[in-house]
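What the coordinates show
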Amino acid sequence: MTIPISRVELGADVEESVLRVLRSGQIAQGPEVAKFEAMFADAHQCRHAIAVANGTLALIAALRSLHLEPGDEVITSPFTFVATVNAAIECGLTVRFADIGDDYCLDPQSVPSVLGSRSKVLLPVHLYGLTANMGALARIADHNNLAIVEDAAQAHLAKFGGRFVGSWGTACYSLYATKNLSTGEGGVVTTNNDETARWLRTFRNQGMVERYVYEMSGLNYRMTDLQAAIGCVQLPKLADWTRARQENAKFYNENLKGVTGIVLPDSDGEREHVFHQYTIRVTRQAKKNREELAAVLNEAGIGYGFYYPRLVTDYSCFAGHPQVRLDSTPYARAISEETISIPVHQYLSSAEKEKVVSTIVNAM
Ligand SMILES: *Cc1c(COP(=O)(O)O)cnc(C)c1O
């Protein structure tokens, strides 16, 4: 691909930072992780950031911190990466699905239909970098005594109503290679709750509060100082990278606006979209269908992605799983057949953006 859907660039500053940690001999969790956590918490204006080995473990740790019973229910979106569901299954929980809206996130109006006596957690996924409607979801959670765990794997620096995600409970970030902020593999849980933060820090380190003093049965979810050394150098650039993604999205919004049958990303004044992906819907009114458009992009050397080609509930490993309830989500199904993501990353040049636009406009 001449214009890849995502690109990872690591500069001399990252090399230097990693080399310094490598030479220090302290390569497991240590001072770099502590520094990275402080920077991450500061960037997201929250009291605590707890680094872990990846985003899936961030979700598992956040769910574990709620101390639920097996069979308690988590309500989430079926239009997500499988990790969201795998994490809940690993915690012994049962997963239920509400439908999504035009923002590709949990539709608050669809949540009541799957509420029951075992409902304990609302787990919105801020897909593509746009937050779910946290105002309405938080009200539902309040009325029904649900905890909120946000899957913010794609939503670093995203805001709803001026608030960073994570301020409603816990938010779980991924630092996987292709995410907006990356340490290769990595994850972070953020929270404003002191007790939850303390529990998470203890749990990720075998339940140890002091050398050989164990307060609980924990696990090893630790991040290494080598990964944190990458994160510490990248994090100060994240705001600029996010602005570049938003500028690219604005260019697409302006130049793809009139194309028949294409639906551009939804947003409103309340939400700050950080464009992990720029995703359009190719509807039946369009001149070509999604697969045909993908073939044109491919031919032109432009990367694209179907995120996600199927609903989680459509995979046989989940459809037949005793902890997964197959709630009907017709709008999510329709949307999953129409979405295609195009390159929006911070390294796109003007010429590349223009090529993406002209290729789509000409095809459609
Ligand atoms: C990437 C991702 C995860 C999992 O993160 P890993 O770091 O890959 O474990 C979870 N949920 C969503 C929505 C993701 O995009």
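Notes on the structure in this doc start here. (Residues numbered from 1 in each chain as written. Predicted model: local features only at pLDDT ≥ 70, side-chain atom pairs only at ≥ 80, totals over all residues. Heavy atoms only, no water.)

Some points on the sheet that holds strand 3 (residues 94–97)
Selection criterion: A pair of strands is labelled paired if DSSP reports no fewer than 2 bridges between them. Strands are runs of DSSP state E lasting at least 2 residues, helices are runs of H or I lasting at least 4, and numbering of each runs from the N terminus. The convention used is that axes are lines fitted to C-alpha atoms, helices contributing only their stretch in contact, and that angles between N-to-C directions extend from 0 to 180 degrees.
A sheet is described by the order of its strands in space; here 7 strands give the open sequence 1-9-8-5-4-2-3, paired in mixed fashion. The open sheet has two free edges, formed respectively by strand 1 (48–52) and strand 3, since each of these has just one partner strand. Shown here is a sheet whose adjacent strand axes are inclined to one another by a mean of 25 degrees, direction ignored. Looking at chain direction, strand 8 (residues 170–174) and strand 9 (residues 187–191) are connected through 5 bridges and run antiparallel. When the sheet's bridge partners are listed, Cys 172 is paired in strand 9 with Val 189.

Some words on the environment of Gln 277
Selection criterion: Contacts: residue pairs with any heavy atoms within 4.5 Å of one another.
Locating Gln 277 in the fold gives a position in the loop between strand 13 (271–272) and strand 14 (278–282). Once the C-alpha coordinates of Gln 277 and Gly 305 are considered, the two residues, 28 residues apart in sequence, prove to be 9.2 Å apart. When near neighbours in sequence (up to four residues on either side) are disregarded, Gln 277 contacts Ile 5, Tyr 128, Tyr 307, Ser 341 and Val 344.

As for empty space enclosed by the protein
What counts is decided by this rule: Points on a 1 Å grid over protein atoms alone make up a cavity when a 1.4 Å probe fits among them but cannot get out, and a pocket when they form an open set with protein on both sides within 12 Å along at least five of seven lines; lining residues each have an atom within 4 Å of a point. Grid points are joined across faces, edges and corners, and a volume is the space filled by probe spheres set on the points. The nonpolar class holds Ala, Val, Leu, Ile, Met, Phe, Trp, Tyr, Cys and Pro. Asp, Glu, Lys and Arg form the charged class, and all remaining residues, Gly among them, are polar.
Overall, the coordinates contain 2 cavities of 30 Å³ or more when judged by the stated rule. What lines the largest cavity is a set of 17 residues, among which Arg 7, Val 8, Ala 177, Lys 179 and Gln 346 lie closest to the centre. When the residues that make up the lining of the largest cavity are grouped by side-chain class, the tally is 6 nonpolar, 7 polar and 4 charged. Computed from the structure, the second largest cavity encloses a volume of approximately 60 Å³. What lines the second largest cavity is a set of 13 residues, and nearest its centre among them are Tyr 104, Tyr 128, Pro 265, Asp 266 and His 273. Per-class residue counts for the lining of the second largest cavity are 7 nonpolar, 3 polar and 3 charged.

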